[in-house]
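A look at the structure
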There are 2 protein chains.
Amino acid sequence: MNTFHEIPVIRITDGKETEFIDCIASEIAFTLIVNNQNLVSLLCSPSELDNMAVGFLLSEGFLNNRESLKSISVDEENFTVNIELDNLPENWDTLFNKKTITSGCGQGITFTDADALRSNTPNKKNPIRISTTKIRNLLRLFRSSSELYLKTGGVHSAALATADEILLFSEDIGRHNAVDKLIGKAFLKGMSMHDKLLLSSGRISGEIMTKVIRNNIPVLITRTAPTCMSISYAEDHGVTLIGFARGNRMNIYTHPLGIQLC
Amino acid sequence: MNTFHEIPVIRITDGKETEFIDCIASEIAFTLIVNNQNLVSLLCSPSELDNMAVGFLLSEGFLNNRESLKSISVDEENFTVNIELDNLPENWDTLFNKKTITSGCGQGITFTDADALRSNTPNKKNPIRISTTKIRNLLRLFRSSSELYLKTGGVHSAALATADEILLFSEDIGRHNAVDKLIGKAFLKGMSMHDKLLLSSGRISGEIMTKVIRNNIPVLITRTAPTCMSISYAEDHGVTLIGFARGNRMNIYTHPLGIQLC
């Protein structure tokens, strides 16, 4: 499946028309089937559907450890991802009836409610030691990593990094999807997340923050703005939230001790 | 309810820390209750909840005409919006079990499926006559209209305009929400949409385009990118889709005859 298509477009420049071929980000719907039950349909860029499905289940609390994941199969013809889980959560059946449409930037859905999240233990962590120069370098590298963005101008990206380098990178037309793909990829590779930085190209809503909290990621850095809800969740759960990280500036909204600037 | 909060933040500039008070966009969850049944919870900026609720119902096809809307009441203390509809769609009960998580930029939800939309009649319309200079002026005015964006840097906006002026404006932390608020506002004011331009600050996914199609808006203009799905829907339903409208340039993706550049 192509992550972009070439489409003829009329460009108007100074009132003059020219025709050219533009690269447009693809968007597909796939159905996520868990233990033979249709959980939900997801719209996303047609890449990393396995990571996306696993990341979504992790972020929503349906999946907690590697042992529970018995199998994944992606059917690219019928646009389905079949996942078999060993231990379904006790409240699995009722979860289908719970849905909250989030704002993020679209009207996101989550099966999570904030009360359930509040019972999580805040992360206990050693601060990540990093210089502001390194943060700037990471963000520069992050921005130039998205081939699909460079082609289409229409996607978001997310990365998992140490102070020194970007380890994993995902991109998607959906800001939340990019984070889910990244989290799913890290999980499937067995990569720890509790000692990494998450970089996101987009604004941080409460829902993005719940993904970060559920997966014990200690530091989240974005070039743009957080919402009040994301700040409140980050405060409660020990996440260091850095916004408007641009050039030589950044804002630390919560838990400044989570990073040690050097 | 405040649409933003002032929160103390640590700013790092050139490695030096200063403390300041930042304006952060609020995010709340409210429950949309239709005929005493909880339809869904929505996360959005705490403004125009009545418009948001009505716009959501319009965009999802639950509400089609002014007569069906018997009452709206917003309970700001309990974060609920109660709506009474006269004629529920025949498939109302089954709609609760249908959900597609969209990508947009978050993981949006829609109860609509594309097949249902396909049976809609494409808009039959007279082209909107507008000069490229006027488009530029509209977009400049549009960008400077968002007080909340200027304060927080973290919201999206949508506007309904003629060739000469912006008539209605809405803003929200959610890109889709801003469109729903705008559509709800136009509907409640009894303003026609079939002869207007919709301006959106965000990228255009299939879901945003379904909102535009359902409400018979003939022209959609954004500063950023559309997805393949939105182009395909626009093509099928006679919507003129203009993207990357910046400075003296813009791209016309579909139905160039929907506007008459002069």
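It should be noted that the structure appears before, not after, this text.
The structure reproduced in this document is the subject of the present report. All values reported here derive from a predicted model rather than from experimental measurement. (Residues numbered from 1 in each chain as written. Chains lettered and ligands numbered in written order. Predicted model: local features only at pLDDT ≥ 70, side-chain atom pairs only at ≥ 80, totals over all residues. Heavy atoms only, no water.)

Moving on, we come to the relation of the copies chain B and chain A. Note on the identical chains: chain B maps onto chain A by a rotation of 180 degrees and an axial translation of 0.0 Å, with an RMSD of 0.0 Å. Such a combination of rotation and displacement between the chain copies is what one expects of a two-fold axis. A share of 100% of the interface residues of chain B reappears at the interface of chain A, consistent with the copies meeting face to face through the same patch. (Least-squares fit on C-alpha atoms with pLDDT ≥ 70 in both. Contact = heavy atoms within 4.5 Å.)

With that settled, consider the environment of Ser200 of chain A. Residues and elements named next belong to chain A. Inspection of the secondary structure assignment puts Ser200 in strand S12 (residues 197–200). Residue classification places Ser200 among the buried positions, given a relative accessible area of 2%. Sequence spacing of Ser200 and Asp164 is 36 residues, and the spatial spacing of their C-alpha atoms is 17 Å. For Ser200, the contacting residues outside a window of four places in its chain are Phe142, Ser157, Leu220, Ile221, Thr222 and Arg223. (Helix = DSSP H or I, 4+ residues; strand = E, 2+ residues; numbered from the N terminus. Buried < 20%, exposed > 50% of the residue type's maximum accessible area, 1.4 Å probe, protein only.)

Bringing the packing of helix H7 (residues 206–214) of chain B against helix H8 (residues 228–237) of chain B into the picture now. All names here are of chain B. In the contact formed by H7 and H8, the axes pass within 7 Å of each other and the chain directions differ by 20 degrees. As far as their axial angle goes, H8 and H7 are roughly parallel. H8 is crossed by H7, and the crossing has right-handed handedness. Packed against H7, whose contacting residues are Gly206, Met209, Thr210 and Ile213, the element H8 presents Met229, Ser230, Tyr233, Ala234 and His237 at the interface. Partitioning the contact of H7 with H8 into residue classes produces 5 nonpolar, 4 polar and no charged. (Axes fitted to C-alpha atoms, helices over the stretch in contact; angles between N-to-C directions. Parallel < 35°, antiparallel > 145°, perpendicular 65-115°, else oblique. Left-handed = near helix turned anticlockwise from the far one by under 90°. Nonpolar A, V, L, I, M, F, W, Y, C, P; charged D, E, K, R; others polar.)

Moving on to the sheet that holds strand S1 (residues 4–13) of chain A. Strands sit in the order S2(A)-S1(A)-S15(B)-S14(B)-S13(B)-S12(B)-S10(B)-S11(B) across an open sheet of 8 strands; the sheet is mixed. Edge positions in the open sheet fall to strand S2 (16–25) of chain A together with strand S11 (166–172) of chain B, since each of these has one partner strand only. Averaged over all neighbouring strand pairs, the angle between strand axes comes to 25 degrees, with direction disregarded. This element, helix H6 (residues 175–189) of chain B, spans strand S10 (156–161), S11 and strand S12 (197–200) of chain B of the sheet and lies at about 140 degrees to S11 of chain B. The sheet strands contacting H8 of chain B are S1 and S2 of chain A together with strand S14 (240–246) and strand S15 (249–254) of chain B, and the helix crosses S15 of chain B at an angle near 65 degrees. (Pairing = 2+ DSSP bridges.)

What follows deals with the side chain of Ser41 of chain A. Residue and element names in this part refer to chain A. Position of Ser41 among the secondary structure elements: in strand S4 (residues 37–44). The exposure class of Ser41 is buried, given its relative accessible area of 17%. Reaching out from Ser41, the side chain makes a polar contact with the side chain of Thr31 at a distance of 3.5 Å. (Polar contact = N/O pair within 3.5 Å; in protein donor to acceptor, adjacent residues only side chain to side chain.)

Residues and elements named next belong to chain A. Relative to the 21 Å expected for 15 residues at 1.5 Å per residue, helix H6 (residues 175–189) spans 22 Å between its end C-alpha atoms, a close match to the ideal helical length. Here H6 lies mainly inside the structure; 13 of its 15 residues are buried. Trailing H6 by a residue or two, Gly190 shows a phi angle of about 75 degrees, which is positive. (Expected span 1.5 Å × (residues − 1).)

Right, let's talk about unusual backbone geometry for a bit. All names here are of chain A. We note that Glu48 has phi near 50 degrees; this positive angle belongs to a residue other than glycine. Following the sequence through the fold, Glu48 ends up in the loop between S4 and helix H1 (49–59). A positive phi angle is found at His255, which is not glycine, with a value near 40 degrees. Inspection of the secondary structure assignment puts His255 in the loop between strand S15 (249–254) and strand S16 (259–261).

Once that is clear, we can look at H1 of chain A. Residues and elements named next belong to chain A. In terms of burial, H1 is a largely internal element, 10 of the 11 residues being buried. The complete set of buried residues in H1 reads Leu49, Asn51, Met52, Ala53, Val54, Gly55, Phe56, Leu57, Leu58 and Ser59. Looking one or two places after H1, you find Gly61, whose phi comes out positive at around 80 degrees.

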